[in-house]
Amino acid sequence: LAPQTNFSVNGSFEQLDAQSQLGLPFASLVVPGGSAFSPFASNVRLNRYFDNPRPLTRDTNTQTLSFGAGFNSIIKDWRFSTTADFTLTDSESRTVINADFASLQDAINAGVANPFTTNLGNDLLFVSPDTTDSTASGLVVRSTLSGKPFMLPAGPVIVTLGAGVDSKRFDT
């Protein structure tokens, strides 16, 4: 290697875990007219939030891995330099979107559940959560060669040649 040669490498890893609270489960239930729990003769729509068993949530886990390298060298009248950067990001999330209210509505229709009690829905089951998994990666490589291949009467001719690769990939 030439005396004026530099080489550097760096890397990093980052992990982010987050939980978001998305509010309470919500249902619009129909209380049949003539039900023992309803004072009305016709059907009544009951809009209700449920604070038990738990609020709706989103859990997210993101991991990012990055590498970079650089190389510079001067040989005679020529300078060569190249850089490379690579990043890989993996992200997963799980979102509980709502509870399953079908059995609760069936119990209200059958007259075995009081829709106006405070403990209504304490045994709710949640629908299958939405899940996502994505991976993104990127690679960038750039190289440059510059120098003075020959002289003209007005001075040296300076030539710069460059090449590069830029690749991105995304999988879900």
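Structural data are supplied above this passage.
Read on for a plain summary of the structure. Please read these numbers as outputs of a predicted model, since none were measured by experiment. (Residues numbered from 1 in each chain as written. Predicted model: local features only at pLDDT ≥ 70, side-chain atom pairs only at ≥ 80, totals over all residues. Heavy atoms only, no water.)

**Brief notes about helix 1 (residues 102-110)**
Rules: For every residue, the accessible area obtained with a 1.4 Å probe (protein chains only) is divided by the maximum for its type, and the residue is called buried under 20%, exposed over 50%, and partly exposed between those limits. Elements are defined by DSSP. Helices are runs of H or I of four residues or more, strands are runs of E of two residues or more, and each kind is numbered from the N terminus. Note: the arc covers the axis-to-C-beta directions of the helix. By the convention used here, residues are in contact when the closest approach between their heavy atoms is within 4.5 Å.
By the burial criterion, the buried members of helix 1 are Leu104, Gln105, Ala107 and Ile108. In an axial view of helix 1, the angular spread of the buried residues amounts to 160°, which keeps them on one side of the axis. Residues of helix 1 that are exposed and angled more than 90 degrees away from the buried face: Ser103, Asp106 and Ala110. On its buried face, helix 1 sits against strand 2 (26-31). Looking at the residues trailing helix 1, positive phi occurs at Gly111, about 80°.

**Some remarks on the sheet that holds strand 5 (residues 78-95)**
Strand pairing in a sheet relies on backbone hydrogen bonds, with the paired strands running either antiparallel or parallel. The test is simple: Pairing between strands requires that DSSP locate at least two bridges from one strand to the other. As a rule, the C-alpha atoms of each element are fitted with a line to give its axis, helices using only the stretch in contact, and angles between N-to-C directions run from 0 to 180 degrees.
With antiparallel pairing, the five strands of this open sheet are ordered in space as 1-4-5-8-9. Of all strands in the sheet, those with a lone pairing partner are strand 1 (5-21) and strand 9 (155-171), marking the two edges. Adjacent strand axes in the sheet meet at a mean angle of 10°, parallel and antiparallel pairs treated alike. One ladder, built from 18 bridges, connects strand 5 with strand 8 (residues 130-152); its direction is antiparallel. Counted as the bridge partner of Ser91 is Ser134 from strand 8.

**Concerning the pattern of salt bridges**
The condition is simple: Salt bridge criterion: a side-chain nitrogen from Lys or Arg within 4 Å of a carboxyl oxygen from Asp or Glu.
A complete count under the given rule lists three salt bridges for this structure. Here Asp166 and Lys168 are joined by a salt bridge, their closest N and O atoms 3.3 Å apart. Exposure remark for Lys168: the relative accessible area of 66% places this residue in the exposed category. A single salt-bridge network, built from bridges that share partners, covers Arg142, Asp166 and Lys168.

**Observations concerning the pairing of strand 9**
When strand 8 meets strand 9, the two strands line up antiparallel, connected through 16 bridges. Along strand 9, the bridge assignment pairs Ser137 with Arg169.

**Some remarks on the side chain of Thr95**
The line we're drawing: In protein, a polar contact means a hydrogen-donor-capable atom and an acceptor-capable atom, both N or O and within 3.5 Å, with residues adjacent in sequence counting only if both atoms are side-chain atoms; elsewhere, any N or O pair within 3.5 Å suffices.
By the element assignment, Thr95 lies in strand 5. Of the polar contacts made by the side chain of Thr95, one reaches the side chain of Arg58; its length is 3.1 Å. With sequence-adjacent residues up to four places away left out, Thr95 is seen in contact with Leu22, Thr57, Arg58, Pro129 and Asp130.

Purely geometric stuff here, so don't read any function into it on its own.
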